[in-house]
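Listed below, chain by chain, are the residues.
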Amino acid sequence: MASLPQEQTLAFDPTMSEVWLERRWPEMFAEMRATDPLHYTMDSGYGAFWNATKYKDIVEIEALPKVFSSSWQYSGITVADADPEIEAEDRMPMFIAMDPPEHTPQRRTVSPKFTPSEMTFMEPEIRERTGVVLDSLPVGEPFDWTDVVSIELTTGMLALLFDFPWEERRRLTRWSDYAGDINAARDKDFAQERMNVMYEMGMYFAGLWEYKKQQDPGRDLISMMQQSEAMAHMPEKMFIGNLILLIVGGNDTTRNSMTGVARTMHLWPEEWEKLRGEGEGSKVIKNAVQELIRWQTPLAHMRRTCLEDYEIRGKTIRKGDKVVMWYASANRDEEMFEDGDRFIADRENARRQLAFGYGIHRCVGARLAELQLTVLVEEMLKRGIQVSCASEPTRVESCFVNGYRKQMVTITRS
Ligand code: HEM
């Protein structure tokens, strides 16, 4: 049972949908950081929780996995608690929601797919597919960048990663959208619909798993999991849970950073001008990609559950309390990033962005995300593509995935 702190001044609830739909979060977090940076929200659609809004505090919390647990047994890694009506045997545990020692071998199984040499192996294909998509874009006619560019490129990358049937790749998008939608925790009908989609996905992957077992092992993730001691014999629910993790991890996040390219180009064309003339392998482009990920912060938060009383900023977080680490806020923290809501392509410390998290759970796919975004920017620059937003975007109604459903744009080519 969470213990309520004695004094409470202002009441902030950054989980409210409007805050994300209308992009009111930058101001809300700025106010929280200024007035009460470790704020306790007593009441919200997701119950009570602590808000860690400062960069330094989030790093401190993430460095202590024995005190601040990620485990699904305490409801996992989002502000939404697990549905108590879901039976234990129906849960789909994934390693992002595990603590050591369970977490370690499972992470180790997939990480070889994300080494620098694997990135070198994947790069030509990613570059080629990116080029094909960019060359198909209509010049001077409005189109939805989210669908035509961001979704197309990220689902294509996932299909490559899993050796997933190419013609069916858009299924990955649908599954990922459902899996990452934490609104299910507040809506019973939607929760059921989501669960059905997760089963549909589970069935599909169970079939793919069986099929791949009959083939010679490839370089894809499913083959890799099948070859590993830690994962080859895992219960089916856990296997599906980990696939969901990789799909959501690789899909929603990179996709929304790609739409961030369109947004920032539209809002700050002079910043993108700084990259003109830069080519493959440019450090300036790599820096701009870090800045883009910082500015977008595609996952707004991760959650931990406190396992023993812990003091921070003069307050005591009690055993059992829920702590929400707002990366979106840390990446705007004025003690770390000046004028943080602005995209500055050559920002000196952009690499220190916290969008991939920190510590033992730091994003395992970070290198792949960076590669995809770098290739996208490089290939756009090669073609002299300039994007202008034709309207305001439709944003995702979520305090977890900080992203876009639709962004109409027009492009020019020079
Ligand atoms: C811009 C793109 C991305 C962002 C912003 C992002 C963000 C994150 C964050 C915040 C975490 C949790 C970190 C923590 O708890 O400290 C995470 C973990 C993870 N991400 Fe990503 N991610 C991205 C791309 C990807 C890609 C492309 C993949 C794979 C295809 C991926 C797979 C994973 C996995 C498997 C974990 C769990 C790691 C663990 O628990 O040890 N992510 N990511």
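Residues numbered from 1 in each chain as written. Predicted model: local features only at pLDDT ≥ 70, side-chain atom pairs only at ≥ 80, totals over all residues. Heavy atoms only, no water.

- The name an unreviewed UniProt entry gives the protein is Putative cytochrome P450 hydroxylase, with Pacificimonas flava as the organism.

## Details of the site of the ligand
Point 1. Every one of the 30 residues lining the ligand counts as a neighbour, but Glu62, His103, Arg107, His361 and Cys363 are closest to it.
Point 2. Within the contact set of the ligand, a nitrogen atom lies 3.2 Å away from a backbone nitrogen or oxygen of Gly249.
Point 3. Only helix H4 (103–110), helix H11 (236–267) and strand E5 (301–306) provide two or more residues apiece to the shell around the ligand.
Point 4. Of the residues forming the shell around the ligand, the biggest block, 7 residues, is contributed by H11. (Near = heavy atom within 4 Å. Polar contact = N/O pair within 3.5 Å; in protein donor to acceptor, adjacent residues only side chain to side chain. Helix = DSSP H or I, 4+ residues; strand = E, 2+ residues; numbered from the N terminus.)

## Re empty space enclosed by the protein
Point 1. Under the definition given, this model contains 2 cavities of 30 Å³ or more.
Point 2. When its volume is computed, the largest cavity comes out at roughly 100 Å³.
Point 3. Counted by class, the lining of the largest cavity contains 6 nonpolar, 4 polar and 2 charged residues.
Point 4. Roughly 40 Å³ of volume is contained in the second largest cavity.
Point 5. Lining of the second largest cavity is provided by Ile61, Glu62, Pro65, Phe68, Ser70, Arg304, Tyr358, Ile360 and His361.
Point 6. Residues that form the lining of the second largest cavity fall into these classes: 5 nonpolar, 2 polar and 2 charged. (1 Å grid on protein atoms, 1.4 Å probe; cavity = no way out; pocket = protein on both sides within 12 Å on 5 of 7 lines; lining within 4 Å. Points joined across faces, edges and corners; volume = space filled by probe spheres on them. Nonpolar A, V, L, I, M, F, W, Y, C, P; charged D, E, K, R; others polar.)

## Focus: unusual backbone geometry
Point 1. The peptide bond linking Pro100 to Pro101 adopts the cis configuration, its omega dihedral lying at 5°.
Point 2. With respect to the helices and strands, the residue Pro101 is situated in the loop between strand E3 (68–69) and H4.
Point 3. If you check the backbone angles, Thr297 has positive phi at about 45° while not being a glycine.
Point 4. Phi is positive for Arg313, which is not a glycine, with a value near 50°.

## With respect to the nonpolar core
It is characteristic of soluble globular proteins that their nonpolar side chains tend to be buried jointly.
Point 1. The biggest cluster of nonpolar side chains holds 91 residues, and the ones touching the most others in it are Trp20, Val110, Phe114, Phe162, Phe164, Phe205 and Ile244.
Point 2. The greatest single-element share of this core, amounting to 9 residues, is contributed by H11.
Point 3. Setting aside chain neighbours within four positions, we find Phe164 in contact with Ala159, Arg169, Leu172, Trp175, Tyr204, Phe205 and Leu208.
Point 4. The next biggest cluster of nonpolar side chains, apart from the first, holds 36 residues, and it includes Leu153, Ala288, Trp295 and Ile385. (Core = buried A, V, L, I, M, F, W, Y, C linked by side-chain atoms within 4.5 Å. Buried < 20%, exposed > 50% of the residue type's maximum accessible area, 1.4 Å probe, protein only. Contact = heavy atoms within 4.5 Å.)

## Concerning the coordination of the iron atom of the ligand
Point 1. The protein gives the iron atom of the ligand a lone donor atom, Cys363 (SG), placed 2.3 Å from the metal.
Point 2. Inspection of the secondary structure puts Cys363 in the loop between helix H14 (327–330) and helix H15 (366–382). (Donors = N, O, S within 2.8 Å, 3.2 Å for Na, K, Ca; no water.)

## Quick notes on the pattern of salt bridges
Point 1. Under the counting rule described, the total for this entry stands at 43 salt bridges.
Point 2. Between Arg170 and Glu152 there is a salt bridge; the shortest N-O distance is 2.9 Å. Here Arg170, found in helix H7 (residues 170–179), pairs with Glu152, found in helix H6 (residues 145–162); they are 18 residues apart in sequence, far enough to count as distant.
Point 3. The exposure class assigned to Arg170 is partly exposed, which follows from its relative accessible area of 34%.
Point 4. Glu152 gets classed as buried once you look at its relative accessible area, which sits at 17%.
Point 5. Residues Glu392 and Arg395 are paired through a salt bridge, measuring 3.7 Å at the closest nitrogen-oxygen approach.
Point 6. Classification of Glu392 as exposed rests on a relative accessible area of 57%.
Point 7. Arg395 sits in the buried class, given a relative accessible area of 12%. (Salt bridge = Lys/Arg side-chain N within 4 Å of Asp/Glu carboxyl O.)

## A word on helix H3 (residues 55–62)
Point 1. Within H3, 6 of the 8 residues are buried, leaving the element largely enclosed by the surrounding structure.
Point 2. Tucked into the core, H3 has its buried residues touching strand E2 (49–52), E3, E5, strand E6 (310–312), strand E8 (322–326) and H14.

## Description of the packing of H6 against H7
Point 1. For the pair H6 and H7, interaxial distance at closest approach is 9 Å and the crossing angle is 100°. In terms of their interaxial angle, H6 and H7 are classed as roughly perpendicular. For the pair formed by H6 and H7, the contact residues are Asp147, Ile151, Glu152, Thr155, Leu158 and Ala159 on the first element and Arg170, Leu172 and Thr173 on the second.
Point 2. Its residues placed into classes, the contact of H6 with H7 shows 4 nonpolar, 2 polar and 3 charged. (Axes fitted to C-alpha atoms, helices over the stretch in contact; angles between N-to-C directions. Parallel < 35°, antiparallel > 145°, perpendicular 65-115°, else oblique.)

## A word on the sheet that holds strand E4 (residues 143–144)
Point 1. Spatially, 3 strands are ordered E4-E12-E9 in an open sheet, and the strand pairing comes out antiparallel. Where the open sheet ends on each side, the last strands, each with one partner, are E4 and strand E9 (385–389).
Point 2. Here E4 runs beside strand E12 (residues 408–413); their pairing, made up of 2 bridges, is antiparallel. Bridged to Asp144 within E12 is Met408. (Pairing = 2+ DSSP bridges.)

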